Amino acid sequence: MLPRTTVSVFCRVDLPDKPLIPANVDLVETVERATTLSVGSNRVHTVEHVISALVGMGIDNALIEMDANEPPIADGSSAPFVALIKQAGIQQQEAPRKTWHIREPLHLDLGNGSLITIVPDNKFRLTVTNVGRNDLHTEHFSGEVTPELYEKEIAPARTFTFYEDVAPLLEKGLIKGGSLENAVVIRGENVMSKEPRRFGNEFARHKALDLIGDLMLGGKRILGHVIAVAPGHGPNTKMAALLKKEYAKMKTSVPPVTIPEGEAVLHLPDILKILPHRYPFLLIDRVIDFTDKTCTAIKNLTFNEDFFQGHFPGHPVMPGVLQLEAMAQTASVLVLRIPENQGKVGYFMSADKVKWRKPVTPGDTLFIEAEIVSFRRGIGQAECRCLLNGEVASSATIKFAVQ
């Protein structure tokens, strides 16, 4: 089993030493008609359909063994790979999946008519416009990417090409493996294929298929709405590179302390939109990590905190009850981010198994962790703790109500 990751890895089992080629945008070599990855002289071609199928079906941490330099083209769609994934089955691992929740819009304009924008959204959505040549075959597709929708609405869409592009290659005796059985060929207003079009907007759907695979080369699953006009492997991989760059930039805002791997950052303005607390009762400064059930926040403590003035003037220590309140606020951020709970308020009900182990003093950075262990009918329970330099300063089991 591979270590937990969201990046798939290709293995060329047909080559000596079986070299590994991660699905990483930094390894993109060419994007002409397909996406090619390389490490040294080792290459894998046309990887986007396989990666797209994995992403679309909710698969992370995949090892893809190949005995050639590219996967079978099959019928030109990712449906055969979806079928193989379902046949093989899915193994659930212990670590929770983490996704990067896009907080600020990202925009890419290549100046040639290709545009890709990603805006904040609580789901992973795609809106794709395929722009045809001479105003022909311009199509539109939009939807939330779930395994169910991907399998039925995106995976069957076949690759397509223009006759003018492939005619010179055919004349040279190239692309001998290509046929109307694994691609749709457009010649003017006519569409040439062995079978009828699978969807009225099949070209836009295939563009969405490619986009899903190429964006994953950025290394992170995302929550956001991807809006693309005239996408292609070039624009797609450039957006993947931008995603990777912005993710790295976001991570630099986390203090240089050993912390759990973070997947998103909520700054103070974001927290103020979620919690009703205000100074001096807001006791978290930033959220640096969250999954569906866990959340990590930080509190940077200075001597100027109001409570240090009286607790105690000669030996300032953060009151334990305020550490408890910080735990409750961290748990509230996690629950109140759920769409159906937005605009509601979390009320403290009880605290059990409360323990204080280390004093918290000015200059400390307090890491507050919360894990929701149950939530039903508006009543939740969370296991929480405060950490100083990796050691537990306090801990508690907290019960709360959301109304």
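Residues numbered from 1 in each chain as written. Predicted model: local features only at pLDDT ≥ 70, side-chain atom pairs only at ≥ 80, totals over all residues. Heavy atoms only, no water.

1. As for the overall build of the chain
Of the regular secondary structure elements, the chain holds 8 helices and 21 strands. Taking the principal axes of its C-alpha atoms as reference, the chain extends roughly 90 × 45 × 40 Å. In the chain, which comprises 403 residues, the proportion classed as buried is 48%. For the chain, the proportion of contacts with a sequence separation of at least 24, taken over those separated by at least 6, is 66%. Of the roughly 20,100 Å² that the chain leaves accessible, carbon and sulfur atoms contribute 53%. Distance between charge centres in the chain, computed from 44 positive and 47 negative side chains, equals 3 Å. (Helix = DSSP H or I, 4+ residues; strand = E, 2+ residues; numbered from the N terminus. Buried < 20%, exposed > 50% of the residue type's maximum accessible area, 1.4 Å probe, protein only. Contact = heavy atoms within 4.5 Å. Areas by Shrake-Rupley, 256 points an atom, 1.4 Å probe, with all protein chains shown as cover. Lys, Arg positive; Asp, Glu negative; His and termini not counted. Charge placed at Lys NZ, Arg CZ, Asp CG, Glu CD.)

2. Thoughts on unusual backbone geometry
In this structure, the amide linkage connecting Y279 to the following residue, P280, adopts the cis form with an omega of 5°. Counting through the fold element by element, P280 comes out in the loop between helix 7 (268–274) and strand 16 (286–290). Here the residue pair H311 and F312 is connected by a cis peptide bond, since its omega of -10° sits within 30 degrees of zero. Examined against the element boundaries, F312 turns out to sit in the loop between strand 17 (294–300) and helix 8 (320–336). Positioned with a positive phi, A74 is a non-glycine residue whose angle comes to about 55°. Relative to the helices and strands, A74 is located in the loop between strand 6 (63–66) and helix 2 (79–88). If you check the backbone angles, R377 has positive phi at about 55° while not being a glycine. Locating R377 in the fold gives a position in the loop between strand 19 (365–376) and strand 20 (379–388).

3. Quick word on the state of the cysteines
Taken as a whole, this structure holds 0 disulfides when the rule is applied. C384 provides the cysteine sulfur closest to C386, a residue in no disulfide bond, and the two sulfurs are 8.2 Å apart. (Disulfide = S-S within 2.5 Å.)

4. Examining the side chain of T127
Tracing the backbone through its elements, the reader meets T127 in strand 10 (residues 124–130). Side-chain polar atoms of T127 contact the side chain of S142, separated by 2.9 Å. If we skip the residues at most four places from it in the chain, T127 touches H140, F141, S142, H225, V226, I227 and A228. (Polar contact = N/O pair within 3.5 Å; in protein donor to acceptor, adjacent residues only side chain to side chain.)

5. Re the pattern of salt bridges
Across all of its chains, the model carries 17 salt bridges by this definition. D289 is the salt-bridge partner of K98, the closest N and O atoms lying 3.2 Å from each other. With K98 in the loop between helix 2 and strand 7 (100–101) and D289 in strand 16, the pair connects residues that are 191 residues apart, well separated along the chain. Exposure class is identical for K98 and D289. Each is buried. Among the salt bridges present, the one from E369 reaches R385, with a minimum N-O distance of 2.8 Å. Placement of the pair is E369 in strand 19 and R385 in strand 20, with a sequence separation of 16 residues. Using a relative accessible area of 15% as the deciding quantity, one classes E369 as buried. (Salt bridge = Lys/Arg side-chain N within 4 Å of Asp/Glu carboxyl O.)

6. Examining the sheet that holds strand 4 (residues 36–39)
The antiparallel open sheet is built from 3 strands, whose spatial order is 3-4-5. Two strands in the sheet have a free side with no partner beyond their single neighbour: strand 3 (28–30) and strand 5 (42–44). When the angles between neighbouring strand axes are averaged without regard to direction, this sheet yields 40°. (Pairing = 2+ DSSP bridges. Axes fitted to C-alpha atoms, helices over the stretch in contact; angles between N-to-C directions.)

7. A few points about the side chain of R12
Here R12 shows up in strand 1 (residues 9–12). With a relative accessible area of 8%, R12 lands in the buried category. A polar contact of 2.9 Å, which involves the side chain of R12, links it to the side chain of D14. Within the structure, the side chain of R12 is placed 2.6 Å from the backbone oxygen of R43, a separation counted as a polar contact. Leaving out residues up to four positions away in the same chain, R12 has contacts with K18, P19, I21, R43, V44, M66, A68 and N69.

8. Notes on the pairing of strand 19
Bridging between strand 17 and strand 19 involves 7 bridges; their strand directions are antiparallel. Bridge pairing links T294 to E371 in strand 19. Summarising the sheet, strand 19 and strand 20 pair through 9 bridges and their orientation is antiparallel. Looking at strand 20, one finds that E371 is bridged to E383. As consecutive antiparallel partners, strand 19 and strand 20 are separated by 2 residues, and within that stretch R377 has a phi angle of approximately 55°, a positive value.

9. So, the packing of helix 3 (residues 147–154) against helix 5 (residues 202–215)
Two numbers describe how helix 3 lies on helix 5: the axes approach to 10 Å, and their chain directions differ by 135°. It follows from the interaxial angle that helix 3 and helix 5 lie oblique. Residues Y150, E153 and I154 of helix 3 pack against R205, L209 and I212 of helix 5. Taken together, the residues that form the contact of helix 3 with helix 5 break down as 4 nonpolar, no polar and 2 charged. (Parallel < 35°, antiparallel > 145°, perpendicular 65-115°, else oblique. Nonpolar A, V, L, I, M, F, W, Y, C, P; charged D, E, K, R; others polar.)

10. Here we look at the confidence of the model for the chain
Chain-level statistics for the chain give a pLDDT mean of 87 and a share of 90% at 70 or above. In this model, residues 257–262 is a region of pLDDT below 50 whose contacts with residues beyond four sequence positions or in other chains number 16 contacts. (pLDDT = per-residue confidence, 0-100.)

11. Quick look at the sheet that holds strand 6
Spatially, 3 strands are ordered 2-1-6 in an open sheet, and the strand pairing comes out mixed. Because the sheet does not close on itself, it has two edges, and the strands there are strand 2 (20–22) and strand 6. Sheet twist, expressed as the mean angle between neighbouring strand axes with direction ignored, is 25°. Bridge analysis of strand 1 against strand 2 gives 3 bridges, and the strand direction is antiparallel. Each bridged residue has a counterpart across the sheet, and for V9 the counterpart in strand 2 is P22.

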